[in-house]
Amino acid sequence: RLEQSCHLVIYYEGKGHVVAQQDAPSERVFSVRLGAEAPLLNTCSGHVLLAFAEEQEREIMVGKIPRHHPRPVRRDLERIIQRVREQGCEIIPSAQVQGITDVGYPVSDHTGSCLAALVVPFFAYIDGSHAADLKAVQIAAREAASAISRLLGAASSVPAQI
């Protein structure tokens, strides 16, 4: 519908890991490879995973961040967590690729725990050939994360704030 790719990221041993990925159906595609690793502190998926983790779990996650990844500054990390939790999602310029805006929402299970982050690496087509804009991507990503969460038994949907 949006002609954008998306990927699902889970936490494992101090990093995010892409466990599912879908390319856009269009001729021009930007996507993240299945199996790719994502640092927790400077990626959309990492911010979502950290923000929606329980405090004790978050401390373990941060403690396992590899030494060669960016190290957290407590005050900065707290600001990120607060902002993402208030928004119900993360929407940031990619720290890896210029021109990409990453849009990510939490995917939860029947216990309410965040199991994954659903991320759309959005880019606009300057030739006008694709009508999807950032707002449409936010809505569709939220709806998809909510649908996946419901399939996993989550009682409520992803926050509606955009």
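Below you will find a few notes about this structure. This is a predicted model, so every value here is computed, not measured.

**Looking at the packing of helix α1 (residues 44-51) against helix α2 (residues 55-63)**
- With their axes 9 Å apart at the nearest point, α1 and α2 run at an angle of 140° to one another. The angle between α1 and α2 places the two elements in the oblique class. Only Arg 58, Met 61 and Val 62 of α2 make contact with α1, whose side of the interface consists of Leu 49, Leu 50 and Ala 51.

**Considerations on the pairing of strand β1 (residues 6-12)**
- As paired strands, β1 and strand β2 (residues 15-22) are joined by seven bridges and run antiparallel to one another. Residue Val 9 lies in a different strand from β2, and its bridge partner there is Val 18.
- Linking two consecutive strands that pair antiparallel, namely β1 and β2, is a turn of two residues; a positive phi of about 50° is found at Glu 13 within it.
- The pairing of β1 with strand β6 (residues 114-122) spans three bridges and is classified as antiparallel. Pairing of Val 9 across the sheet is with Ala 117, part of β6.

**Notes on α2**
- Within α2, burial applies to Arg 58, Met 61 and Val 62. Seen from one end, α2 has its buried residues packed into an arc of 95°, which puts them on one side. Facing away from the buried side of α2 by over 90 degrees, the exposed positions are Gln 56 and Gly 63.

Conventions we followed
Residues numbered from 1 in each chain as written. Predicted model: local features only at pLDDT ≥ 70, side-chain atom pairs only at ≥ 80, totals over all residues. Heavy atoms only, no water. Axes fitted to C-alpha atoms, helices over the stretch in contact; angles between N-to-C directions. Helix = DSSP H or I, 4+ residues; strand = E, 2+ residues; numbered from the N terminus. Parallel < 35°, antiparallel > 145°, perpendicular 65-115°, else oblique. Contact = heavy atoms within 4.5 Å. Pairing = 2+ DSSP bridges. Buried < 20%, exposed > 50% of the residue type's maximum accessible area, 1.4 Å probe, protein only. Arc of directions from axis to C-beta.

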